Amino acid sequence: MTDPAQLPRHLRRIGRVFVDESMLDSPLARRVRDRLAGTTHADIPWIAVPEGQDRVECAGRDEQALYLKEYKGRFLRFCPGTRAYHCCGYRIIHIGENCPMACSYCILQAYFQDRVLKVWANQDALFRELAEGFGADRTSRFRVGTGEFTDSLALERLTGYSRDLVGFLADYDNVVLELKSKVVDLSWMDAATRTDRVLPAWSLNAPAINQGQEFDVSTLEERLTAARTCAEAGFRVCLHFDPIIHFPGWREGYAEIIDRIFDYVRPEQIAYMSLGSFRCMPQLTPIIADNFPDAAYIYNEFVPGLDGKARLLRPLRLEQFSFMVERLRRHGMDEQLYFCMESTEVWNEVFGFAPQDFGGLNRRLMDRAFGN
Ligand code: SF4
């Protein structure tokens, strides 16, 4: 008899599966059941959730639960940017909530206080809404992603959600899908009929931050190797530095990871790259302090921004951005670079121009996503 397969490390704490009664026989629930069979998690309890019950509980402090849910809200949304800063105009396909990994700086800790990983199992409703949204006018272009309230690929091994989405979107050449993650799962790749309509994306950080503040995620080398695999298969990739953290030795750390990128991919294989300095809603700081007592960066000098979030003092942000942009430019990066949620003044000081000079950030990124 063969030993049961291990799930990837970031999924091993899942101790039970909740399923809305209406979703028990959904294709997604059946698939998750099939994929758990033969693994060390084959016998975890499945619990049907009756209509009207809106809370489910994990058993212990270390346990996570998967919840396959019938979602009644809108699946296609606008990214919650703010008018005060230049926002990239991204659209979100909402496929679920919460993440099994643990990064000390993660905003999801403020959004979701439980350890329940929700996945919208009524995919038929999701695809209906997307067909209406994307099919109404095929000349309208959409740049969409799933990595806003969850990690795009964290649950892929069990759900195959991104693969389904990639397959569905093959009929919509007016849509580019970004799959943003901190783990490596490339099982969606063979569902892509057009490599120019999917943008696999990984977040990167300084090695010390990756090792000390990001848990159960892939290593930087694994992410970069995956980016190379995708680039060699004809996809363009996105790489994101967000949050950039101000810590002792930050210059050396970010220089090291920037230089490493180009051992794996060439600038022309990168569709775009965001740079965002650590910022957070005021209620997130005590949560980080509680969950990650070693996260000393939260005691840096912050000021409230126009969006109410605490941001690093501007001279320090400028120092971070100028250093990184200069280093990235030396490697041939140029139009790929943009700031996530920064002011015209910061753009001008670091880049020497602002989004209004090239027709707006949304348009720039749309053009880059579509390869124009
Ligand atoms: S991988 Fe992303 S979503 Fe998951 S904990 Fe880290 S920052 Fe949050």
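Caption draft 1: Here's a closer look at the overall build of the chain. Assigned secondary structure in the chain consists of 12 helices and 18 strands. For 372 residues, the compact-globule formula gives about 21 Å, and the C-alpha radius of gyration of the chain, at 20 Å, lands near that figure. Seen along its three principal axes, the alpha-carbon backbone of the chain occupies a region of about 60 × 50 × 45 Å. Each of the 372 residues in the chain was classed as buried or not, and the buried ones make up 56%. Taking as baseline every contact in the chain between residues at least 6 positions apart, the subset at least 24 positions apart corresponds to 76%. Accessible surface computed for the chain: about 16,100 Å², of which carbon and sulfur atoms make up 48%. Placing the 45 positive and 52 negative side-chain charges of the chain at their respective mean positions leaves the two points 2 Å apart.

Caption draft 2: Structural context of the packing of helix α3 (residues 123-135) against helix α5 (residues 161-169). The contact between α3 and α5 brings their axes to 12 Å, and the two run at 35°. The two elements α3 and α5 cross, and the hand of that crossing is right-handed. Taking contact as the criterion, the partners of Q123, L126, F127, L130, A131 and F134 in α3 are, on α5, Y161, D164, L165, F168 and L169. In terms of residue class, the contact of α3 with α5 is built from nine nonpolar, one polar and one charged.

Caption draft 3: Main features of the sheet that holds strand β5 (residues 91-93). The eight strands are arranged β4-β5-β9-β10-β11-β13-β14-β18 in an open sheet whose pairing can be described as mixed. Edge positions in the sheet fall to β4 (76-78) and β18 (337-339), since each of these pairs with one other strand and no more. Between one strand and the next, the sheet's axes are offset by a mean angle of 30°, whatever the strand orientation.

Caption draft 4: Representation of the packing of aromatic side chains in the model. Considering all chains together, one arrives at 24 aromatic pairs under this definition. Consider the rings of F278 and Y297, whose centres lie 5.1 Å apart with planes at 80°: the pair is edge-to-face. With F278 in the loop between β14 (270-277) and β15 (279-280) and Y297 in the loop between α9 (284-291) and β16 (302-304), the pair connects residues that are 19 residues apart, well separated along the chain. Both residues of the pair, F278 and Y297, count as buried. Among the aromatic residues, ring-to-ring pairing joins F321, F339, W347, F351, F353 and F358 into one connected group. Across from the ring centre of W46, 4.0 Å away, lies the NZ or CZ of R33, which sits over that ring. Above the plane of the ring of F358 lies R364, whose end atom (NZ or CZ) is 3.7 Å from the centre.

Caption draft 5: The arrangement of the pairing of strand β9 (residues 142-145) in detail. Going residue by residue along β9, you find F142 and V144 tucked away on one face and R143 and G145 tucked away on the opposite face as well. Sheet topology places β5 next to β9; two bridges connect them, and they run parallel. Bridge pairing in β9 places I92 opposite G145. As judged from the four bridges shared by β9 and strand β10 (residues 175-181), these two strands associate in the parallel manner. Pairing of G145 across the sheet is with E178, part of β10.

Caption draft 6: Quick look at the sheet that holds strand β2 (residues 46-49). As summarised here, the arrangement of the five strands in space is β2-β1-β3-β8-β6, forming an open sheet in which the pairing is mixed. Of all strands in the sheet, those bounded by a partner on one side alone are β2 and β6 (96-97). Sheet topology note: the strand β1 (residues 14-20)/strand β3 (residues 64-69) ladder contains five bridges and is parallel. Among the inter-strand pairings, V19 is bridged to a residue of β3, identified as L68.

Caption draft 7: Main features of the pattern of salt bridges. Following the criterion strictly, the structure yields 25 salt bridges and no others. Of the charged contacts in the structure, one is a salt bridge between D25 and R30, with a shortest N-O distance of 3.8 Å. Its relative accessible area of 59% is what places D25 among the exposed residues. Notably, a salt bridge pairs D190 with R163, separated by 2.9 Å at the nearest N-O pair. Taken together, the positions of D190 in the loop between β10 and β11 (198-203) and R163 in helix α5 put the pair 27 residues apart, joining distant regions of the chain.

Caption draft 8: Main features of the environment of Q123. Structurally, the position occupied by Q123 is in helix α3. Residue Q123 is classed as buried on the basis of its relative accessible area, which comes to 9%. Along the sequence, Q123 and E256 sit 133 residues apart, while their C-alpha atoms lie 42 Å from each other. Every residue in contact with Q123, bar those within four places of it in the chain, is listed here: L28, Y161 and D164.

Calculation rules
- Residues numbered from 1 in each chain as written.
- Predicted model: local features only at pLDDT ≥ 70, side-chain atom pairs only at ≥ 80, totals over all residues.
- Heavy atoms only, no water.
- Helix = DSSP H or I, 4+ residues; strand = E, 2+ residues; numbered from the N terminus.
- Rg over C-alpha atoms; globule rule 2.2 N^0.38 Å.
- Buried < 20%, exposed > 50% of the residue type's maximum accessible area, 1.4 Å probe, protein only.
- Contact = heavy atoms within 4.5 Å.
- Areas by Shrake-Rupley, 256 points an atom, 1.4 Å probe, with all protein chains shown as cover.
- Lys, Arg positive; Asp, Glu negative; His and termini not counted.
- Charge placed at Lys NZ, Arg CZ, Asp CG, Glu CD.
- Axes fitted to C-alpha atoms, helices over the stretch in contact; angles between N-to-C directions.
- Left-handed = near helix turned anticlockwise from the far one by under 90°.
- Nonpolar A, V, L, I, M, F, W, Y, C, P; charged D, E, K, R; others polar.
- Pairing = 2+ DSSP bridges.
- Phe/Tyr/Trp six-rings, centres within 6.5 Å; stacked < 30°, edge-to-face > 60°.
- Lys NZ or Arg CZ within 6 Å of the ring centre and 35° of its normal.
- Salt bridge = Lys/Arg side-chain N within 4 Å of Asp/Glu carboxyl O.

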